[in-house]
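Residue strings, one per chain:
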Amino acid sequence: MVDTGVGLTDASDLGGGRVRLYPLTRVMGRADIEVSISGEGQVGEARFRALEYRGFEQMVLGMPAFRVPSMLSRICGACGPFHQLAACIAVENGCSTDVPKAAGWFRELLAWLWLGQSHLVNITYLALPDFVLPMSDPAVRNVVGIYAVEHETVHRLTTVLAAFSEALDMLAGLPVHPAVVVPGGVSYLPDWSACTKASVLLSGCEHELREILRLVEMITKRNAQMIESAMPFRGHYMASTVAGRQALVGETVTAAPFQQGETREMPARDFYDSIVEKPVPWSYLVEAAVGDMGPVLVGPLARVNLGFDTQAPWAELERARTTEIWGHPLDREFLFLVALILEVIRAWENALLLLEQRPKVMEPCVRPKLVDSEGMAVVESPRGTLVHSLRMDAEGFITSYRIVSPLQFNFAMLNQHLTGCARKTVGGMELSEGAAQNLQFALRAFSPCVPCGTH
Amino acid sequence: MYIATVALSSCGGCHQSLFLAGEPLIAMLCDNNISFSNYMVDARSISPSDVVLATGAIRNYEELEIADEIGRTSRKVIAVGSCAVYGGVPGARDIEPPRPETGEALIPGLLDEVQPLDSRIDIELYIPGCPPPPNLIFEALRSVLEGYGHPSFDGTVCSECTRGVEHKGVKAWNHHPGCGVPSMLCLLNRGLLCLGPVTRGGCHAVCTSKGAVCIGCRGPSAMVLSSQLHSMFSDMVKFVSLTTGNREEKTAGQMMSMLKSLYMFTRRDPVTRARVGEKVAGG
């Protein structure tokens, strides 16, 4: 299966009727895109195939519930803390445990920092080269290529990234797979000094953040004129909400149509009950359908479309300005980068606000009382809506576990969108570099995370 | 120099950690060449490289082929992260394949067992950790590129931890800190299974400094690796008995039920061969 070096396609391995784009690059994990071609050379369908599987849902069976979150954080390097958080909330939900107020505050603060950090890595290393160097040779279309010609841009991005990761270092100990979130709360709470230092770090990168936003707006406009294949997304966009506003840990899940139709708001439990998983024999990824809703999109674009909270006035202002320019909802793949940077600003504002609101009573944790029970959690990870549910016995050992990840929700719309893109750009059994670039550009708008997706 | 990165069965956390090295990393890559890296560049085939940063364990047949290909075409391979070094969390438990292989669409089949990277190829340098801190990966890469000795550290997590030990007995072990742990007290004294005594340091004990137990993500300490007479379990029992005053037999009995937690990152490499210990970067 290692690429033979013959180019982009290896149709002979696939029975002659399909071309294959492998491996996909600048995405998290290993996957390919397979395009079926009829005898007349017409494109049939394109499908995204995840090629790796680790089996976390099986691995946690029989484990003590209190140890499960730290193991499940290893599902994903970009969204790991959100898996850990979701696992903790699922345990707490099963045990009917309320976390102390200070722990809730610290969790939310960390979640915003993790989200910002994850998006900044995504922008810098995965997404930006498509926008800054769209017509360049693939050999230089990467962050190093940008650094060679646009040093200042990379410098700004890495400066903001460093502010987020150093703040996380200071507050959580580790920027990736931190251990501080535990069932019932957090393992410790930061003092005023750490909060002040983190606040100074974040405040210091405001200018860079503004400059990055301007750059992203500029290159998005430029790319919009260049990309002929951009088609609107069809289906619903979806994210967790509280009182109609998008939230990281919501009480409800809201889905609104890209085109015509009505907006639906479901309590988290009803949402969970409506999820139907549909395995396919050609991928380790399992599609997650939400009732009879059809294809859905979760992730940054969906959240931006649902609107931010009033705690982040700058982000909300820029979001409103963006929808004025591009219309609402944002429904094209090239708007993905704008969505990412808007969410970074939102994370930055929320983190700064929370750092000022350190509670006076600092109780980090309570011990959940383990009972034979079921628990579930719906949270927003950087890549979109993430669901964890578990069942444990009276001694707290896991008897079943289920994870539904953002890429599973996006799977149907992703394949629908890739098929549309392939029909516009793929010409017969020859997959040109241009067509490959278009397919991957469309793919990256869904922010696919294969480790999360197949877990 | 030609540099590559590759991810086998992994979460992507080691790449995430590498990327957090930021501008110095990008400048270093700019001074050299990236031959392939599916996380960074659009190259689609594995080409000869001077240094490969390889993350992840070998879980399926595709990863097996990729590992062999890297072994054939690369001069030096750095195993980054505990999955690559020990098999890591993917090797923690045996699992059933999710569905019968159809053969119809070339989904890579799963191997019977997860394998660490050195089961297939020679490794120049090991950087255990889940993930290793950004500076450890960056410095290790630089040391191999520039040909100087990599930084080494043979201490344990305990040797970097600032918490103090109280010599008092522990009645039972558990996985939860209750309503929090005083900032200066050893977590073992609170009955929390902290693997700091038997885990390789170099991480500045960041987890214990934040009230969380060490879960052993950096793998066995140099002492554990030094002889077949040592293991994480036996050394842990001895240390805890000394710390708490509990009898070794009693401590061993209490810990037997926690063996899986003890070997969460190293189950696929329980003896953790001595050669790993000789070539570990950053301790």
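These numbers were taken from a predicted model, which means no experiment stands behind them. (Residues numbered from 1 in each chain as written. Chains lettered and ligands numbered in written order. Predicted model: local features only at pLDDT ≥ 70, side-chain atom pairs only at ≥ 80, totals over all residues.)

S.K.: Can you help me understand the packing of helix 6 (residues 151–172) of chain A against helix 7 (residues 192–203) of chain A in this one?
M.R.: Axes are the key here: two packed helices are described by the angle between their axes and the distance separating the axes. Residue and element names in this part refer to chain A. It is at 9 Å that the axes of helix 6 and helix 7 come closest, and there the two elements cross at 175°. Judged on the interaxial angle alone, helix 7 and helix 6 are roughly antiparallel. On helix 7, the residues touching Ala163, Glu166, Ala167, Met170 and Leu171 of helix 6 are Ala194, Lys197, Ala198, Leu201 and Leu202. Residues belonging to the contact of helix 6 with helix 7 are distributed by class as follows: eight nonpolar, no polar and two charged. (Axes fitted to C-alpha atoms, helices over the stretch in contact; angles between N-to-C directions. Helix = DSSP H or I, 4+ residues; strand = E, 2+ residues; numbered from the N terminus. Parallel < 35°, antiparallel > 145°, perpendicular 65-115°, else oblique. Contact = placed C-beta atoms within 7 Å. Nonpolar A, V, L, I, M, F, W, Y, C, P; charged D, E, K, R; others polar.)

S.K.: What should I look at first to understand the sheet that holds strand 5 (residues 74–80) of chain B in this one?
M.R.: Sheet strands pair via backbone hydrogen bonds, and the direction of the pair is either parallel or antiparallel. All names here are of chain B. Across the sheet, which stays open at both edges, the five strands sit in the order 2-1-3-5-7 with parallel pairing between neighbours. Two strands close off the open sheet at either side, each with one partner strand: strand 2 (33–36) and strand 7 (125–127). Averaged over all adjacent pairs, the angle separating strand axes in this sheet is 25°, with direction ignored. For strand 1 (residues 2–7) and strand 3 (residues 49–55), the ladder comprises five bridges, and the chain directions are parallel. Paired with alanine 4 across the two strands is valine 52, which belongs to strand 3. Its contacts with the sheet put helix 3 (residues 61–73) on strand 1, strand 3 and strand 5, and the angle it makes with strand 5 is roughly 135°. (Pairing = 2+ DSSP bridges.)

S.K.: For this particular structure, what's the right way to read the confidence of the model for chain B?
M.R.: The predicted coordinates of low-pLDDT regions are not to be read in fine detail. Of all residues in chain B, 93% have pLDDT values of 70 or greater, and the mean over the chain is 88. Two numbers describe this predicted complex: its pTM, 0.95, and its ipTM, 0.95. (pLDDT = per-residue confidence, 0-100.)

S.K.: I keep staring at the environment of methionine 255 of chain B and nothing clicks. Help me out?
M.R.: Residues and elements named next belong to chain B. Here methionine 255 shows up in helix 10 (residues 248–255). Taking the number of C-beta atoms within 10 Å as the measure of exposure, methionine 255 has 17 and is therefore partly exposed. In the structure, methionine 255 is positioned 19 residues away from methionine 236 in sequence and 9.1 Å away in space, judged by C-alpha atoms. Contact partners of methionine 255, with chain neighbours within four places excluded, come to Trp173, Met236 and Val237. (Buried ≥ 20, exposed ≤ 12 C-beta atoms within 10 Å, placed from the backbone.)

S.K.: Looking at this structure, I do not really get unusual backbone geometry. What am I missing?
M.R.: Trans is the common state for peptide bonds, and a negative phi is the common state for residues other than glycine. Cis peptide bonds are those with omega within 30 degrees of zero, and the linkage from tyrosine 22 of chain A to proline 23 of chain A qualifies with -15°. Across the junction of histidine 328 of chain A and proline 329 of chain A, the peptide omega takes the value 0°, indicating a cis bond. The backbone of alanine 205 of chain B shows a phi angle near 50°, a positive value even though the residue is not glycine. Mapped onto the elements, alanine 205 of chain B comes out in the loop between helix 6 (157–160) and helix 7 (206–209). On the basis of neighbour count, alanine 205 of chain B is assigned to the buried category, with 23 C-beta atoms found within 10 Å.

S.K.: What is the right way to read the interface of chain A and chain B from this model?
M.R.: Counting from both sides, the interface comprises 67 residues of chain A and, opposite them, 62 residues of chain B. Of all the secondary structure elements, the ones that give two or more residues to the side of chain A that touches chain B are helix 1 (56–59), helix 2 (68–72), helix 4 (101–132), helix 5 (143–149) and helix 6 of chain A. When residues of the side of chain A that touches chain B are assigned to their parent elements, the largest contribution, seven residues, is made by helix 6 of chain A. In the side of chain A that touches chain B, the residues fall into 41 nonpolar, 16 polar and ten charged.

S.K.: Which parts of the structure should I look at to understand the environment of cysteine 30 of chain B?
M.R.: Inspection of the secondary structure puts cysteine 30 of chain B in helix 2 (residues 23–31). Overall, the presence of 18 C-beta atoms within 10 Å leaves cysteine 30 of chain B in the partly exposed class. Leave out the neighbours within four places in its chain, and cysteine 30 of chain B touches Val144, Tyr147 and Ala148 of chain A.

S.K.: Explanation requested: the domain arrangement of chain B in the structure shown.
M.R.: Bring the parts together and some accessible area is lost; that lost area is often taken as the interface size. All names here are of chain B. Along its sequence, chain B is carved into domain 1 (2–151) and domain 2 (157–262). The centre of domain 1, based on its C-alpha atoms, is set 30 Å off from the matching centre of domain 2. Taken together, the contact pairs eight residues of domain 1 with six residues of domain 2. The biggest single contributor to the side of domain 1 that touches domain 2 is helix 4 (residues 82–86), with three residues. Each residue belonging to the side of domain 1 that touches domain 2 can be placed in one class, and the counts come to six nonpolar, two polar and no charged. (Domains from an automatic or database assignment.)

S.K.: Looking at this structure, how should I read the sheet that holds strand 1 (residues 18–21) of chain A?
M.R.: Residues and elements named next belong to chain A. Read across the open sheet, the three strands follow the order 1-2-3; overall the sheet is antiparallel. Looking at strand neighbours, the two that pair on one side only are strand 1 and strand 3 (43–50), the edges of this open sheet. Between one strand axis and the next, the sheet turns by 20° as a mean value, whatever way the strands run. Bridge count between strand 1 and strand 2 (residues 31–37): four bridges; the pairing is antiparallel.

S.K.: Where do I start with the packing of helix 9 (residues 232–244) of chain B against helix 10 of chain B in this structure?
M.R.: Residue and element names in this part refer to chain B. Two numbers describe how helix 9 lies on helix 10: the axes approach to 9 Å, and their chain directions differ by 125°. When the axis of helix 9 is compared with that of helix 10, the two are oblique. Considering only the axes of helix 9 and helix 10, their crossing is right-handed. Contacts between helix 9 and helix 10 pair Met236, Val237, Lys238, Val240 and Ser241 from the former with Glu248, Thr251, Ala252 and Met255 from the latter. Class assignment for the residues of the contact of helix 9 with helix 10 results in five nonpolar, two polar and two charged. (Left-handed = near helix turned anticlockwise from the far one by under 90°.)

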